[in-house]
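The primary structure of each chain is shown beneath.
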Amino acid sequence: MTLTLRARLAAISTVVFGLLLAALSVVSYSVLARRLDGDVTERLTQLTDGLHGYLRFDSGVPSVEFDAADSDQAAFVQEATRYYQIYDVSTGQLLVESSGFAPLGLRLTTAEVQAFRARPNPFDIVTEYGRLRISNSVRPVSGGQAYLLQVGVSLASMDVALKQYRGLLLWYTPAALLAAMFAAWWLSGFALAPLTRMADEARRIDVKTLERRLPVRGVDDELERVALAFNDTLARLEQAVGQMRQFSTALAHELRTPLTILRGEIELALRKAGAGDAAQRAAASQIEEIDRLTRLIDHILTLARAESGQIQLTFAPVDVGDLAASLVEQLEPVAQARSIDLLCERAGVVVVEGDAGWLRRLLLNLLDNALKFTGQDGRVVVRVSRDGDTARIDVQDTGIGLSTEDAQHVFERFFRADPARSAITEGAGLGLSLVQWIAESHRGAVAVQSRLSEGSTFTVTLPIRPV
Amino acid sequence: MRVLVIEDDRKVASFIQTGLEQEGYSVDVLNDGSSAGEQARTIDYDAVVLDLMLPGRSGFQVLRDIRSRKAALPVLILTAKDSLEERVAGLDAGADDYMPKPFALAELSARLRALLRRGAPRESVLRVGDLEMDTIRRKVRRGDTAIALKPKEYALLEFLMRNSDRPVTKALIIEHVWDIHFDSISNVVEVHINSLRNKVDKGFEVALIHTLRGVGYVLTDTPSS
């Protein structure tokens, strides 16, 4: 599957933006988390150190003493004593615990108290009120004793803040990514729009309108360079086609003049020649050959003019059914002379916008072809029908047919299915090429279905209204 | 009958002159168009045969020169270009008839005859030998035998009878009898000539319809050879 350039550009910029956004999210989250964590640890150190200052030991019993009149002191002590407990290091005995600490059930064994003395690192515990960070610090008291103070501080507010930030990132990142995707799609569309316009413009240029050029805005950018290069190509093409047209016109003239002289002088000689003698037969035969050559030149030049866009079609409503019926009527005697049934079947009124003269030529060539290759007691049927916005003409014969291989080449110039066919007719193999050109000039198409020795069906489809 | 031929190719001009002189015309030839208008004014020609591709002065300009002096003089143009546009342009410029090259001498003289005859009253009863056509009642009889013809056969016979004793080409027949250009790819003319022969000549002592190989057909009761 290949994506359009626009889709690829949009996808690439969305992916890049997404990666940047993810990196930013991860980095900002981890910086914030570390910062908040550091703040909490610092506060815990302050609380622990401060509380040590307020502790008094009276014969081994600790108490907190502070100046209750000092509101700063009172607030500090209140915060520091929310979660704390004190152990006697040597006995491992709990000396005091705050009311907040009691329900946590964090009772230390003597061994644990000893362990904390060795490594007094803070640690976190999870309670039903949220996480707590607890500091351990061992201090000596007078009399050779030492005590372990554990102070706790709640991590709840930090955890809530981080949770909120995570939630924000979880919603915001996909939303931003989506917005970026739309923006990228729009932006690449915007950037590529001139290219699309150029393509549309270029598609309208065909052999008949080679003088057209892509619009040039006079700014030196990438798209402008494409347009200029395309216009250069068109100019060269126009020149080449112009030379080809001049050539075919000149060729027509150059070939016709000697043929005219040849034919005229032989005709004069034919008048003088005695009836039935060899000279008369020779002269008559030469005239026939000159006429054949003339027809061949006419056909080639018609095709050359058609394909180099020198033939302008005149579009008007044409009743294809009437056209077919009138041709069938006129060719009826030809068919009768060969005992061929020639029929015209019309399904409803089929009127297309087309060039009556060339459509007639199309039908005539197909009918002529069908009659040529259909033997005695055969049957040639023309069917005109309409299928939605398409007119359909089938010319079906019971003639000699074509092999699958030959059917593929039947619209090529000078194509002759097999040598045996040349014996049947003198045509040059240009009639069907012209049929194809006429159909395509009406934005239609021609196709063939055939079986050897069973017959062929040529089908022309024409849009009712070619744009 | 005096005809002016304006054709730059001397060989073409020469065989047209010889051919038309053999048919009793007197023929003047000009190899370029510079003095054509003047000559058409001073000499009383019955028709002009004009090539469109002339050196120096185009056939269209020559045609205008002639028309400005002799509005009614029949002009038949010849051209090596056969495009429809060219044909329309020629007729629009005031030509009376048009023939693409190469052409048959027989056709040129038939077209000239038609141009010269123009305006003359058309006979309503045509006769060739014992063959008779009443063009008002659309009845055909040979001797005492009435002949029933289909429309195309009738039109073909009328065209042959109006040109009796003179050869007509297939191209001329197609142009006059059929409204389409069959491009000689179908033998539609041969088929109709055959069926006409079956009705007009079959069973009669003298054949009237003759094939001239390399030329076309002629309807006559006194074949020359």
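Described below are features of the structure shown in this document.

1. So, the overall build of chain A
Then, in step 1: For chain A, the helix and strand inventory stands at 11 helices and 14 strands.
Then, in step 2: With an accessible surface of roughly 25700 Å², chain A has 58% of that area assigned to carbon and sulfur atoms.

2. Focus: the interface of chain A and chain B
Size of an interface, as often reported, equals the accessible area lost when the parts are brought together.
Then, in step 1: Listed per partner, the contact involves 40 residues of chain A and 39 residues of chain B.
Then, in step 2: Among the residues of chain A in contact with chain B, T260, R271 and Q330 of chain A are the three that bury the most area, contributing 17% of the side total.
Then, in step 3: Summed over the shared surface of chain A and chain B, the result is 2 salt bridges.
Then, in step 4: Taken together, chain A and chain B are joined by 8 residue pairs in polar contact (both at pLDDT 80 or more).
Then, in step 5: For the side of chain A that touches chain B, the leading source of residues is helix 5 (residues 222–272) of chain A, giving 16 residues.
Then, in step 6: Classifying every residue of the side of chain A that touches chain B gives 14 nonpolar, 12 polar and 14 charged.

3. Points about the side chain of Q85 of chain A
All names here are of chain A.
Then, in step 1: Counting through the fold element by element, Q85 comes out in strand 3 (residues 83–88).
Then, in step 2: A residue is classified by how much of its surface remains accessible, and Q85, at 0% relative accessible area, is buried.
Then, in step 3: Here the side chain of Q85 touches Y87 through a polar contact of 3.3 Å, side chain to side chain.
Then, in step 4: A distance of 2.8 Å separates the side chain of Q85 from the side chain of Q150, its partner in a polar contact.
Then, in step 5: Those residues in contact with Q85 that lie beyond four places of it in its chain are L94, V96, E97, F101, L106, L148, L149 and Q150.

4. A short note on the environment of F182 of chain A
Then, in step 1: Here F182 of chain A is to be found in helix 4 (residues 156–203).
Then, in step 2: Separated by 168 residues in the primary sequence, F182 of chain A and T14 of chain A place their C-alpha atoms 8.8 Å from one another.

5. Considering helix 11 (residues 431–441) of chain A
Residues and elements named next belong to chain A.
Then, in step 1: Most of helix 11 is tucked away, with 8 of its 11 residues classed as buried.
Then, in step 2: The inward-facing, buried residues of helix 11 contact helix 6 (278–307), helix 8 (356–372), strand 13 (445–451) and strand 14 (455–463).
Then, in step 3: Of the residues trailing helix 11, R443 is marked for its positive phi of about 60°.

6. Remarks on the sheet that holds strand 4 (residues 94–97) of chain A
All names here are of chain A.
Then, in step 1: Taking strand neighbours across the sheet as the criterion, the 5 strands line up as 4-3-7-6-5 in an open arrangement whose pairing is antiparallel. Both edges of this open sheet fall to strand 4 and strand 5 (123–127), since each of them pairs with a single strand only. Going from strand to strand, the sheet's axes swing by 25° on average, the running direction of each strand aside.
Then, in step 2: Two elements, strand 6 (residues 130–140) and strand 7 (residues 146–154), share 9 bridges in a ladder whose sense is antiparallel. Of the residues in strand 7, the one forming a bridge with R139 is Y147.
Then, in step 3: Docked against the sheet, helix 3 (residues 110–118) engages strand 3, strand 5, strand 6 and strand 7, running at close to 85° with respect to strand 7.

7. Comments concerning unusual backbone geometry
All names here are of chain B.
Then, in step 1: In the segment running from K101 into P102, the intervening peptide bond is cis, with an omega of -10°.
Then, in step 2: Here D165, not a glycine, exhibits a phi torsion of approximately 70°, which is positive.
Then, in step 3: Here D165 lies in the loop between helix 6 (151–162) and helix 7 (170–177).
Then, in step 4: A relative accessible area of 45% places D165 in the partly exposed class.

8. A short note on the pairing of strand 2 (residues 26–30) of chain B
Residues and elements named next belong to chain B.
Then, in step 1: Across 5 bridges, strand 1 (residues 2–6) lies against strand 2 in parallel orientation. Among the inter-strand pairings, I6 is bridged to a residue of strand 2, identified as L30.
Then, in step 2: With helix 1 (residues 10–22) bridging strand 1 and its parallel neighbour strand 2, the resulting β-α-β unit is right-handed.

9. Focus: the nonpolar core
Across soluble globular proteins, you tend to see nonpolar side chains buried next to one another.
Then, in step 1: Counting 78 residues, the largest nonpolar core has L367 and V382 of chain A together with L131, L157, I173 and L219 of chain B as the members making the most contacts within it.
Then, in step 2: The greatest single-element share of this core, amounting to 9 residues, is contributed by helix 8 of chain A.
Then, in step 3: What I173 of chain B contacts, discounting residues up to four positions off in sequence, is L156, F159, V168, W178, V189 and Y217 of chain B.

10. Concerning the pairing of strand 12 (residues 390–397) of chain A
All names here are of chain A.
Then, in step 1: Bridge count between strand 11 (residues 379–387) and strand 12: 8 bridges; the pairing is antiparallel. Paired with R383 across the two strands is D394, which belongs to strand 12.
Then, in step 2: Here strand 11 hands over to strand 12 after 2 residues, with G388 in that stretch at a positive phi of 65°.
Then, in step 3: Relative to strand 14, strand 12 runs antiparallel, the two sharing 7 bridges. Within strand 14, the position partnered with V395 by the bridge is F458.

11. Description of the sheet that holds strand 9 (residues 341–346) of chain A
Residue and element names in this part refer to chain A.
Then, in step 1: With mixed pairing, the 5 strands of this open sheet are ordered in space as 9-11-12-14-13. Two strands close off the open sheet at either side, each with one partner strand: strand 9 and strand 13. With strand direction ignored, the average angle separating the axes of adjacent strands in the sheet is 15°.
Then, in step 2: Contacting strand 9, strand 11 and strand 12, helix 7 (residues 320–337) runs over the sheet at an angle of about 170° to strand 9.

12. A closer look at helix 7 of chain B
Then, in step 1: Within helix 7 of chain B, the full set of buried residues consists of L172, I173, I174 and V177 of chain B.
Then, in step 2: Each element contacted by the buried residues of helix 7 of chain B is listed here: helix 5 (105–117), helix 6, helix 8 (188–200) and strand 11 (216–219) of chain B.

13. Some remarks on the environment of T209 of chain A
Then, in step 1: Mapped onto the elements of the fold, T209 of chain A is located in the loop between helix 4 and helix 5.
Then, in step 2: T209 of chain A sits 29 residues away from E238 of chain A along the chain, and the two C-alpha atoms are 9.1 Å apart.

14. With respect to the packing of helix 1 (residues 5–54) of chain A against helix 2 (residues 71–80) of chain A
All names here are of chain A.
Then, in step 1: Remark: helix 1 packs on helix 2, axes separated minimally by 9 Å, with the N-to-C direction vectors making an angle of 110°. On the basis of their axis angle, the class for helix 1 and helix 2 is roughly perpendicular. Residues R43, Q46, L47, G50, L51 and Y54 of helix 1 pack against Q73, F76, V77, E79 and A80 of helix 2.
Then, in step 2: In terms of residue class, the contact of helix 1 with helix 2 is made up of 6 nonpolar, 3 polar and 2 charged.

15. What to know about the packing of aromatic side chains
Given two aromatic rings, their pairing is described by the distance between the two centres and the angle made by the two planes.
Residue and element names in this part refer to chain A.
Then, in step 1: Applying the stated criterion across every chain, the model contains 8 aromatic pairs over all chains.
Then, in step 2: When the centroid spacing of 5.6 Å and the interplanar angle of 20° are considered together, the rings of W186 and F190 count as stacked. Within this pair, W186 and its partner F190 are both found in helix 4, separated by 4 residues, close to a single helical turn.
Then, in step 3: For W186, a relative accessible area of 55% gives the class exposed.
Then, in step 4: The ring of W185 has R6 lying over it, and the distance from NZ or CZ to the ring centre is 4.1 Å.

Conventions adopted
- Residues numbered from 1 in each chain as written.
- Chains lettered and ligands numbered in written order.
- Predicted model: local features only at pLDDT ≥ 70, side-chain atom pairs only at ≥ 80, totals over all residues.
- Heavy atoms only, no water.
- Helix = DSSP H or I, 4+ residues; strand = E, 2+ residues; numbered from the N terminus.
- Areas by Shrake-Rupley, 256 points an atom, 1.4 Å probe, with all protein chains shown as cover.
- Contact = heavy atoms within 4.5 Å.
- Buried area = accessible area lost by both parts, 1.4 Å probe.
- Salt bridge = Lys/Arg side-chain N within 4 Å of Asp/Glu carboxyl O.
- Polar contact = N/O pair within 3.5 Å; in protein donor to acceptor, adjacent residues only side chain to side chain.
- Nonpolar A, V, L, I, M, F, W, Y, C, P; charged D, E, K, R; others polar.
- Buried < 20%, exposed > 50% of the residue type's maximum accessible area, 1.4 Å probe, protein only.
- Pairing = 2+ DSSP bridges.
- Axes fitted to C-alpha atoms, helices over the stretch in contact; angles between N-to-C directions.
- Right-handed = clockwise from strand over helix to strand, strands pointing away.
- Core = buried A, V, L, I, M, F, W, Y, C linked by side-chain atoms within 4.5 Å.
- Parallel < 35°, antiparallel > 145°, perpendicular 65-115°, else oblique.
- Phe/Tyr/Trp six-rings, centres within 6.5 Å; stacked < 30°, edge-to-face > 60°.
- Lys NZ or Arg CZ within 6 Å of the ring centre and 35° of its normal.

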